[in-house]
Amino acid sequence: MTDSPSMRQCDCGASAGPLGLCVDYYHAILAEEQGDPQMYRWHAPVVCAYLLQHPSSAHEKHLDGQFRWLQFYVDKGLDALLRLQAHQVTRNRHGVRSGYDMAPLEEYAPLPQGGPPGHFRATFCGLPVKGVSFVSDGHLAYGRGIEAIAEATVESWRSVQT
C-alpha cells in the first residue's frame with residue numbers, strides 16, 4: 001500500500017473506494033453481517049476472497065484450503081457451500097478428531113505457487129455501498145457482488161499457474 005493521499009492503493013492493486021481500502025470494506029462487511037443473518041450467508045466467500053486477495057493478512061498454511069473453498073463456491077454456488085459448512089460443523093460437534101472432511105474439496109486445484117496475483121478484476125473497494133450498508137440494493141445484489149469478487153479471485157490465482 002502506498003501512502004500518497006491522492007493515489008491510495010490496496011495490496012491487491014485496487015484503488016481506494018469511498019470507504020477507503022479493501023481492509024476498510026472488509027471490516028465494514030464483517031460488522032454489518034453480524035446484525036444481518038441473510039447477509040451473513042456470504043461470510044465464508046467474503047473471508048476466503050479477502051484473504052486470497054490480501055495474503056499478507058492471512059495465515060499461509062490456510063490459503064490452500066481457502067482457495068479450494070472458493071473454487072467450490074464458484075463451481076457449486078452458495079447453497080452447496082452452506083450445506084458443506086453445515087456438514088463440517090456437524091462433524092466437528094461429533095468429536096471427529098481428523099478435523100475437516102476435505103473429500104468434497106479434493107477435486108479442486110491446490111493454490112498455485114507463483115502468487116499472489118498482482119491484479120483482480122473485481123475487488124472489495126468496488127462493492128457498491130450506500131451510507132454504510134452493502135445490502136441497500138438487496139441481498140441478492142450484494143450476493144452477486146461477492147460472487148463477482150470470488151470469481152475474479154479464483155480467475156487471477158489460476159492465471160498465476162499458467
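Note that this is a predicted model, so its numbers are computed, not measured. (Residues numbered from 1 in each chain as written. Predicted model: local features only at pLDDT ≥ 70, side-chain atom pairs only at ≥ 80, totals over all residues. Heavy atoms only, no water.)

*Asks:* Break down the overall build of the protein chain for me, with residues and values.
*Replies:* Across its full length, the protein chain carries 6 helices and 0 strands. In sequence order, the secondary structure elements of the protein chain are arranged as α-α-α-α-α-α. The globule rule puts the C-alpha radius of gyration for 162 residues at 15 Å, and the 16 Å found for the protein chain is close to it. On the principal axes, the C-alpha backbone points of the protein chain span a range of 50 × 40 × 25 Å. Looking at the protein chain residue by residue over its 162 residues, the buried ones come to 42%. Pairs at least 24 apart in sequence give 66% of the contacts found in the protein chain among residues at least 6 apart. Positive and negative side-chain charges of the protein chain, numbering 13 and 17 respectively, have mean locations separated by a distance of 6 Å. (Helix = DSSP H or I, 4+ residues; strand = E, 2+ residues; numbered from the N terminus. Rg over C-alpha atoms; globule rule 2.2 N^0.38 Å. Buried < 20%, exposed > 50% of the residue type's maximum accessible area, 1.4 Å probe, protein only. Contact = heavy atoms within 4.5 Å. Lys, Arg positive; Asp, Glu negative; His and termini not counted. Charge placed at Lys NZ, Arg CZ, Asp CG, Glu CD.)

*Asks:* Describe the pattern of salt bridges, and please don't skip the residues or the numbers.
*Replies:* Taken as a whole and assessed by the stated rule, the structure comprises 5 salt bridges. Between Asp 79 and Arg 41 there is a salt bridge whose closest N-O contact spans 3.2 Å. With a gap of 38 residues between them, Asp 79 in helix H5 (residues 78–93) and Arg 41 in the loop between helix H2 (37–40) and helix H3 (43–53) connect regions that are remote in the sequence. Exposure remark for Arg 41: the relative accessible area of 33% places this residue in the partly exposed category. A salt bridge links Asp 137 to Lys 130, with the shortest nitrogen-to-oxygen separation between them at 2.8 Å. Here Asp 137 falls in the partly exposed class, since its relative accessible area comes to 48%. (Salt bridge = Lys/Arg side-chain N within 4 Å of Asp/Glu carboxyl O.)

*Asks:* Tell me about empty space enclosed by the protein, and please be specific about residues and values.
*Replies:* In this structure the tally under the stated criterion is 1 cavity of 30 Å³ or more. Here the largest cavity defines a volume of roughly 70 Å³. Around the largest cavity, the lining residues are Leu 127, Pro 128, Phe 134, Ser 136, Asp 137, Ala 141 and Tyr 142. Here the lining of the largest cavity is built from residues that sort into 5 nonpolar, 1 polar and 1 charged. (1 Å grid on protein atoms, 1.4 Å probe; cavity = no way out; pocket = protein on both sides within 12 Å on 5 of 7 lines; lining within 4 Å. Points joined across faces, edges and corners; volume = space filled by probe spheres on them. Nonpolar A, V, L, I, M, F, W, Y, C, P; charged D, E, K, R; others polar.)

*Asks:* Can you tell me about the layout of surface pockets, naming the residues and giving the values?
*Replies:* Picture a little ball the size of a water molecule; that probe, rolled over the atoms, points out where space is still empty. Put simply, the largest pocket is a space of about 470 Å³. If you go around the largest pocket, you meet 17 residues; those closest to its centre are Ala 44, Cys 48, Trp 69, Gln 85 and Tyr 100. If you list the elements that add at least two residues to the lining of the largest pocket, you get H3, helix H4 (60–76) and H5. Ranked by the residues each element gives to the lining of the largest pocket, the list is headed by H5, at 5 residues. Here the residues of the lining of the largest pocket are counted per class, giving 9 nonpolar, 7 polar and 1 charged.

*Asks:* Tell me what's going on with the packing of aromatic side chains, and back it up with residues and numbers.
*Replies:* Given two aromatic rings, one states the distance between the centres and the angle between the planes to describe the pair. Across all of its chains, the model carries 6 aromatic pairs by this definition. For the pair Phe 67 and Trp 157, a centre-to-centre distance of 6.5 Å together with 55° between the ring planes defines the contact as tilted. Highlighted residues: Phe 67 in helix H4 and Trp 157 in helix H6 (residues 139–160), separated in sequence by 90 residues. Comparing Phe 67 with Trp 157, the two get one shared label, buried. Centroid distance Phe 72 to Tyr 108: 6.1 Å. Interplanar angle 75°. Geometry classified as edge-to-face. A residue pair is termed long-range when its members are at least 10 positions apart, and Phe 72 in helix H4 and Tyr 108 in the loop between H5 and H6 qualify at 36 residues. By way of ring pairs, the aromatic residues Tyr 26, Tyr 50 and Phe 124 are connected into one cluster. (Phe/Tyr/Trp six-rings, centres within 6.5 Å; stacked < 30°, edge-to-face > 60°.)

*Asks:* Any details on H6? Residues and values, ideally.
*Replies:* Between the first and last C-alpha of H6 there are 32 Å, a value that for 22 residues agrees with the 32 Å anticipated at 1.5 Å per step. Burial in H6 covers these residues: His 139, Tyr 142, Gly 143, Gly 145, Ile 146, Ile 149, Ala 150, Ala 152, Thr 153, Val 154, Ser 156 and Trp 157. (Expected span 1.5 Å × (residues − 1).)

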